[in-house]
Amino acid sequence: MIFRHQALCLACAAATAAAFAPNNILGMKLTPRDFISPRQQKQEQRGITISPTSRYLYSLSDNKNHKKKMSLQSTLTSDEEASKTNEDEEDAIPDFPSINEHGIYDIVNADQHNAWLKANPDKLMVIKFYAPWCRACKSVEPKYIQISKDPKYKDIPIIFGQLSVQHNKAYVKSLGIMALPSMQIYAGSEGLVENFPCGPSKIPMLKRKLTDTINSKV
């Protein structure tokens, strides 16, 4: 009687699994093999017998694990999208150049350059054009910083900026820059008044042109 009762329970479990299987709703004929998951198949290949009740329970377990996997993938996708959005926000370039630790405006593109010129119609503006790989540019840098901090310009409406040709080659060329490093001097709303190559040996010429421009425009 006990064995007969267990057999009936197993048969009932198999029938219950078949009744709730989606394919049965469509009127398809099912067999016990339809409830064997990949994990169960591996166990049977190793000679492990799987009862109908265990097959049903394994099916529920595999379905639950699949849902967890899909939920994890969805979470990772959402996190990746959020991270990408944050990176895009961080990579967004502001409309106006920032001032570095030396008090010089770091101009990164044409829009910032034009905004910088437009925002200072009553000032003299000096801008250095350079390239990160240019040895002469690196030699000029400390001298340019020294000039921008010269006390004699303290009471003069003058500001200093710099623009790298990296990512801006076409734009820099359109400004008439033919060599690096080069300098341009703008007299506020009057526009460009000086444009010349300025390597390390030309720094005295930069100082002289600055003096001439200040005397004639300020």
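Rules used in this analysis
- Residues numbered from 1 in each chain as written.
- Predicted model: local features only at pLDDT ≥ 70, side-chain atom pairs only at ≥ 80, totals over all residues.
- Heavy atoms only, no water.
- Phe/Tyr/Trp six-rings, centres within 6.5 Å; stacked < 30°, edge-to-face > 60°.
- Helix = DSSP H or I, 4+ residues; strand = E, 2+ residues; numbered from the N terminus.
- Buried < 20%, exposed > 50% of the residue type's maximum accessible area, 1.4 Å probe, protein only.
- Lys NZ or Arg CZ within 6 Å of the ring centre and 35° of its normal.
- Salt bridge = Lys/Arg side-chain N within 4 Å of Asp/Glu carboxyl O.
- Pairing = 2+ DSSP bridges.
- Axes fitted to C-alpha atoms, helices over the stretch in contact; angles between N-to-C directions.
- Parallel < 35°, antiparallel > 145°, perpendicular 65-115°, else oblique.
- Left-handed = near helix turned anticlockwise from the far one by under 90°.
- Contact = heavy atoms within 4.5 Å.
- Nonpolar A, V, L, I, M, F, W, Y, C, P; charged D, E, K, R; others polar.

### Re the packing of aromatic side chains
- Per the counting criterion, the structure on display carries four aromatic pairs.
- Plain terms: the ring middles of tyrosine 144 and phenylalanine 160 are 5.8 Å apart, the flat faces sit at 80 degrees to each other, and that makes the pair edge-to-face. Of the two residues, tyrosine 144 sits in helix H6 (residues 135-148) while phenylalanine 160 sits in strand S4 (residues 158-164), which places them 16 residues apart along the sequence.
- On the basis of relative accessibility, which here comes to 5%, the residue phenylalanine 160 falls in the buried class.
- Of the aromatic side chains, those joined through ring pairs into one cluster are Phe96, Tyr105 and Trp116.
- When the ring centre of phenylalanine 196 is taken as origin, the NZ or CZ atom of lysine 209, which lies over that ring, is 5.2 Å away.

### Notes on the pattern of salt bridges
- Under the defined criterion, the tally for this structure stands at three salt bridges.
- Note that aspartate 122 and lysine 123 form a salt bridge whose closest N and O atoms lie 3.8 Å from each other.
- Overall, aspartate 122 belongs to the exposed group, its relative accessible area being 57%.
- In this structure, the salt-bridge partner of lysine 209 is glutamate 194, at a minimum N-O distance of 3.2 Å. Taken together, the residues lysine 209 in helix H8 (residues 203-217) and glutamate 194 in strand S6 (residues 192-197) connect sequence positions 15 residues apart.

### Re the pairing of strand S5 (residues 182-187)
- Most of S5 is tucked away, with six of its six residues classed as buried.
- Strand direction decides the pairing type here: strand S3 (residues 124-130) and S5, joined by six bridges, are antiparallel. Paired with lysine 128 across the bridge in S5 is methionine 183.
- Pairing of S5 with S6, which is carried by five bridges, proceeds in the antiparallel orientation. Considered in S6, the bridge of methionine 183 is made with phenylalanine 196.

### Section: the packing of H6 against H8
- For the pair H6 and H8, interaxial distance at closest approach is 11 Å and the crossing angle is 25 degrees. The angle between the axes of H6 and H8 places the two elements in the roughly parallel class. For H6 against H8, the interelement crossing comes out right-handed. Listed contacts from H8 to Val140, Lys143, Tyr144 and Ile147 of H6 are Ile203, Leu206, Lys207 and Leu210.
- By residue class, the composition of the contact of H6 with H8 is six nonpolar, no polar and two charged.

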